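# Summary of the model geometry
Now for the letters of each chain:
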Amino acid sequence: MLDLKFIRENAGAVKHAAQVKGVNIDIDDLLRVDRELLDLKQRVEAMQAERNANAKLVPKASPEERPALIQRGKDLAEELRALEPALRAHEDSLKLMLLRVPNIPHPSVPVGKDDSENVELRREGQLPTFDFTPLDHVELLEKQGWSDPERVARVSGSRSYLLKGEAVMLEMAVLMFAMDFLSGRGFTPLSTTALARPDAFVGSGHFPGGEDQVYKIEGDELMLAGTAEVPVNSLYAGEQLQHEQLPITFAAISAAFRSEAGSAGRDVRGLIRVHEFRKVEQYVLCEASEEVGLEWFAKILANAEALLAALELPYRVVQNCTGDMGAGKVLMYDIETWVPSEQLYRETHSCSYLGDWQARRTGLRYRDASGKLVFAHTLNNTGVAAPRILVPLLENHQQADGTIRIPAALRPYLGGKEVIGQPVR
């Protein structure tokens, strides 16, 4: 959410942000509702002031004057009641429109309509070369007996997954390694629920607009979040923190659920796009400074890259264009990891800086060094998401006999094993 005063004074910039981000909102209409609401409030304030002044006159009035004063008081009360529906309607309408106003992208963000116009910044790591015909991750899992897609589909439907044996231990090893790694870099480990109330989704910016991606629990005002960002972003909602409490940094692990509405036919094979997964999320709450925010952006991006380097996976960093960065983002980079079977990079991490856009939605403020209350800035980035990360991990580290070489960073979490699986070819 942007400051209403900022929107009034920078309507052109806000219109441009909506245009390049593909957000369907009429800023002129918002400003009209804002003006009408201000007029209504002024009328209400003037009438309330007149009613209060009138009430003070009644006790001092002569018997002849008193009936007219009393009647005027009644008339004013009736007029105020008549204005209440219009006042509430304008307030509700303005609030809904403000929730849809996009953030202003950083000047460095390229203008583009969708992910096809994202800009590659750099490539890291060496692409693997094989002196045998490599298998994709689905074939590797099947040959090792590490998955059972048909049985889990009968239980949970499509886009579900089931891992067995050493693949389970590998998944847990990756998650635990990420938690240890981020903890070692000063992030507080946090295990959180995926359950959240609707206002938490509004606070993170997933609502309005992303309702079709969320599983709802019938009969209860709870929903299942697709990232720990949703519940963590509301942990301090409505609070007033002290400057010395910042920054607050979390390595938050949780289950994650996404309905993937509208993605029929996309990435349906294997572990790429499943409805339920586990994720370690980096989350930062820092002071209201773009300079500080961009420093943290660089730090959490570096954390994600260091995790991939430790997993010995080649990847590339891309800058998201305006049409692929989401309404609330000031700046967004994706990290895409190499998938040999497809001969392409697939997104495994998403790094975002949102300024005070989320904090305004949650009412999260802190007192700066001068004692002034200001809205905090927020950032988030993937630490690791499983099972998706297993796709490049299995494929890049497969060996000629179908076994999987384990990167040195993961071996302590797998009892020192350098290889998992049995020769299957």
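In this report, the structure presented in the accompanying data block is examined. What you are looking at is a predicted structure, and each value in this text was computed from that prediction instead of being measured. (Residues numbered from 1 in each chain as written. Predicted model: local features only at pLDDT ≥ 70, side-chain atom pairs only at ≥ 80, totals over all residues. Heavy atoms only, no water.)

## Some details on the pattern of salt bridges
The full count for this structure, using the stated rule, is 23 salt bridges. Residue Asp3 pairs with Arg360 through a salt bridge whose shortest N-O separation is 3.9 Å. One end of the pair, Asp3, is in the segment before helix 1 (4-9); the other, Arg360, is in helix 11 (residues 357-362), with 357 residues separating them in the sequence. A salt bridge links Glu124 to Arg122, with the shortest nitrogen-to-oxygen separation between them at 3.1 Å. By relative accessible area, which is 29% here, Glu124 ends up partly exposed. When its relative accessible area of 30% is taken as the criterion, Arg122 is described as partly exposed. Salt bridges sharing common partners tie together Glu120, Arg123, Arg316 and Glu336. (Salt bridge = Lys/Arg side-chain N within 4 Å of Asp/Glu carboxyl O. Helix = DSSP H or I, 4+ residues; strand = E, 2+ residues; numbered from the N terminus. Buried < 20%, exposed > 50% of the residue type's maximum accessible area, 1.4 Å probe, protein only.)

## Section: the sheet that holds strand 11 (residues 344-353)
Ordered by their spatial adjacency, eight strands build an open sheet running 1-9-10-11-14-8-7-2, and the pairing between neighbours is mixed. The open sheet has two edge strands, strand 1 (119-124) and strand 2 (188-191), and neither has a second partner. For this sheet, the mean angle separating the axes of adjacent strands, direction not counted, is 25°. As defined by bridge partners, strand 8 (residues 276-286) adjoins strand 14 (residues 377-386) across nine bridges and the pair is classed as antiparallel. Within strand 14, the position partnered with Arg278 by the bridge is Ala386. Where helix 7 (residues 166-184) meets the sheet, its contacts fall on strand 2, strand 7 (248-257), strand 8 and strand 14, and the angle it forms with strand 8 comes to roughly 10°. (Pairing = 2+ DSSP bridges. Axes fitted to C-alpha atoms, helices over the stretch in contact; angles between N-to-C directions. Contact = heavy atoms within 4.5 Å.)

## Here we look at the packing of aromatic side chains
Per the counting criterion, the structure on display carries seven aromatic pairs. Their ring planes at 85° and their centres at 6.2 Å tell us that Phe187 and Trp296 sit as a pair that is edge-to-face. With Phe187 in the loop between helix 7 and strand 2 and Trp296 in helix 10 (residues 290-310), this pair connects stretches of sequence that are 109 residues apart. Trp296 carries the same exposure label as Phe187, and that label is buried. Arranged with centres 4.9 Å apart and planes meeting at 20°, the rings of Phe201 and Phe207 form a pair that is stacked. On the accessibility criterion, Phe201 (1% relative accessible area) is buried. One aromatic cluster is present, built from ring pairs that chain together Phe177, Phe181 and Tyr413. Above the face of the Trp296 ring, Lys299 is positioned so that its terminal group lies 4.3 Å from the ring centre. Against the face of Trp357 rests Arg361, its NZ or CZ located 4.3 Å from the ring centre. (Phe/Tyr/Trp six-rings, centres within 6.5 Å; stacked < 30°, edge-to-face > 60°. Lys NZ or Arg CZ within 6 Å of the ring centre and 35° of its normal.)

## Examining helix 3 (residues 27-57)
Between its first and last C-alpha atoms helix 3 spans 45 Å; for 31 residues at 1.5 Å apiece the expected length is 45 Å, and the two agree. Burial in helix 3 covers these residues: Ile27, Leu30, Leu31, Val33, Asp34, Leu37, Leu40, Val44, Met47 and Asn54. Buried residues in helix 3 make contact with helix 1, helix 2 (11-21) and helix 4 (66-100). A distance of 3.0 Å separates the backbone nitrogen of Asp28 from a side-chain oxygen at the start of helix 3, and that oxygen is part of Asp26. (Expected span 1.5 Å × (residues − 1). Polar contact = N/O pair within 3.5 Å; in protein donor to acceptor, adjacent residues only side chain to side chain.)

## A word on the sheet that holds strand 5 (residues 222-224)
Read across the sheet, three strands follow the order 3-5-4 without closing on themselves; strand pairing throughout is antiparallel. Among the strands making up the open sheet, the edge pair consists of strand 3 (195-196) and strand 4 (215-217). Sheet analysis places strand 4 next to strand 5, joined by three bridges and oriented antiparallel. Note that in strand 5 the partner of Lys216 across the bridge is Met223.

## Details of the packing of helix 2 against helix 3
Contact geometry for helix 2 and helix 3: axes closest at 10 Å, N-to-C directions at 135°. Here helix 2 is positioned oblique relative to helix 3, judged by the angle of their axes. Of the residues in helix 3, those touching helix 2 at Ala11, Val14 and Lys15 are Ile27, Asp28 and Leu31. Of the residues assigned to the contact of helix 2 with helix 3, the class counts are four nonpolar, no polar and two charged. (Parallel < 35°, antiparallel > 145°, perpendicular 65-115°, else oblique. Nonpolar A, V, L, I, M, F, W, Y, C, P; charged D, E, K, R; others polar.)

## Let's talk about the packing of helix 3 against helix 4
Two elements in contact, helix 3 and helix 4, have axes separated by 9 Å at closest approach and are oriented at 155°. On the basis of their axis angle, the class for helix 3 and helix 4 is roughly antiparallel. The hand of the helix 3/helix 4 crossing is left-handed. Of the residues contributing to the contact of helix 3 with helix 4, the split by class is 17 nonpolar, five polar and ten charged. (Left-handed = near helix turned anticlockwise from the far one by under 90°.)

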